[in-house]
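Take a look at the letters that make up each chain.
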Amino acid sequence: MLFRAYQNSLRVAAKDNLKSVAFPSLSTGIYGYPLDEAAPVALQAVRDFLVAQEHQLDLVRFVLWDDKSLEEFEIALNKMPLD
């Protein structure tokens, strides 16, 4: 569901011809989704969309609450394959 939330948001942004979109770390606050699990899902969802869909997006930004969130997203990004 988390993967689809990011992808659906990107679809709406693309449909509206937006050039940029910003995401928080969805579901990791009050819903308690673990950051170490959410970060790779978020990054993969965005990457998959950008590669597979036609869009006008120039920038997708993650706006993270704290240093721990940033650290988990950096770890997940560094583990992503380069293909």
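The preceding data block contains the structure.
What counts and how
Residues numbered from 1 in each chain as written. Predicted model: local features only at pLDDT ≥ 70, side-chain atom pairs only at ≥ 80, totals over all residues. Heavy atoms only, no water. Pairing = 2+ DSSP bridges. Helix = DSSP H or I, 4+ residues; strand = E, 2+ residues; numbered from the N terminus. Right-handed = clockwise from strand over helix to strand, strands pointing away. Buried < 20%, exposed > 50% of the residue type's maximum accessible area, 1.4 Å probe, protein only. Contact = heavy atoms within 4.5 Å. Expected span 1.5 Å × (residues − 1). Polar contact = N/O pair within 3.5 Å; in protein donor to acceptor, adjacent residues only side chain to side chain. Phe/Tyr/Trp six-rings, centres within 6.5 Å; stacked < 30°, edge-to-face > 60°. Axes fitted to C-alpha atoms, helices over the stretch in contact; angles between N-to-C directions. Parallel < 35°, antiparallel > 145°, perpendicular 65-115°, else oblique. Left-handed = near helix turned anticlockwise from the far one by under 90°. Nonpolar A, V, L, I, M, F, W, Y, C, P; charged D, E, K, R; others polar.

Undergrad: Just checking my understanding: could you explain the pairing of strand β2 (residues 59–62) for this structure?
TA: Here four bridges tie strand β1 (residues 20–23) to β2, and the two strands are oriented parallel to one another. Among the inter-strand pairings, Val21 is bridged to a residue of β2, identified as Val60. Remark: the β1/helix α2 (residues 35–52)/β2 crossover connection has right-handed handedness.

Undergrad: Explain the environment of Gln56 to me, please; I cannot follow it from the model alone.
TA: For Gln56, the location among the structural elements is in the loop between α2 and β2. The exposure class of Gln56 is partly exposed, given its relative accessible area of 41%. With residues up to four places along the chain from it excluded, the contact list for Gln56 reads Asn17, Leu18 and Lys19.

Undergrad: Hey, could you run me through helix α3 (residues 67–79) in this one?
TA: With 13 residues, α3 extends 18 Å from end C-alpha to end C-alpha; this agrees with the ideal 18 Å at 1.5 Å per step. In this structure, the buried residues of α3 make contact with α2 and β2.

Undergrad: Teacher, can you tell me more about the side chain of Ser69 here?
TA: Inspection of the secondary structure assignment puts Ser69 in helix α3. Only 2.7 Å separates the side chain of Ser69 from the side chain of Asp66, close enough to count as a polar contact. Setting aside residues up to four positions removed in sequence, Ser69 forms contacts with Leu35 and Leu64.

Undergrad: Please explain the packing of aromatic side chains as it appears in this structure.
TA: On inspection of all chains with the given rule, the structure shows four aromatic pairs. Their ring planes at 70° and their centres at 4.9 Å tell us that Tyr6 and Phe23 sit as a pair that is edge-to-face. Of this pair, Tyr6 sits in helix α1 (residues 2–15) while Phe23 is found in strand β1, placing the two residues 17 residues apart along the sequence. According to the relative accessible area criterion, Phe23 is buried, its value standing at 4%. Each member of the aromatic cluster is reached from another via a ring pair, and the members are Tyr6, Phe23, Phe62 and Phe73.

Undergrad: Please explain the packing of α2 against α3 as it appears in this structure.
TA: Any two packed helices are characterised by the angle at which their axes cross and by the distance between the axes. Following both chains from N to C, one finds α2 and α3 inclined at 55°, their axes separated by 8 Å at the closest point. As far as their axial angle goes, α3 and α2 are oblique. When the axes of α2 and α3 are compared, the crossing they make is right-handed. For the pair α2 and α3, the contacting residues are Leu35, Asp36, Ala39, Pro40, Ala42 and Leu43 in the first and Lys68, Ser69, Glu72, Phe73, Ala76 and Leu77 in the second. Tallied by class, the residues present in the contact of α2 with α3 amount to eight nonpolar, one polar and three charged.

The values are spatial; any link to function lies outside them.
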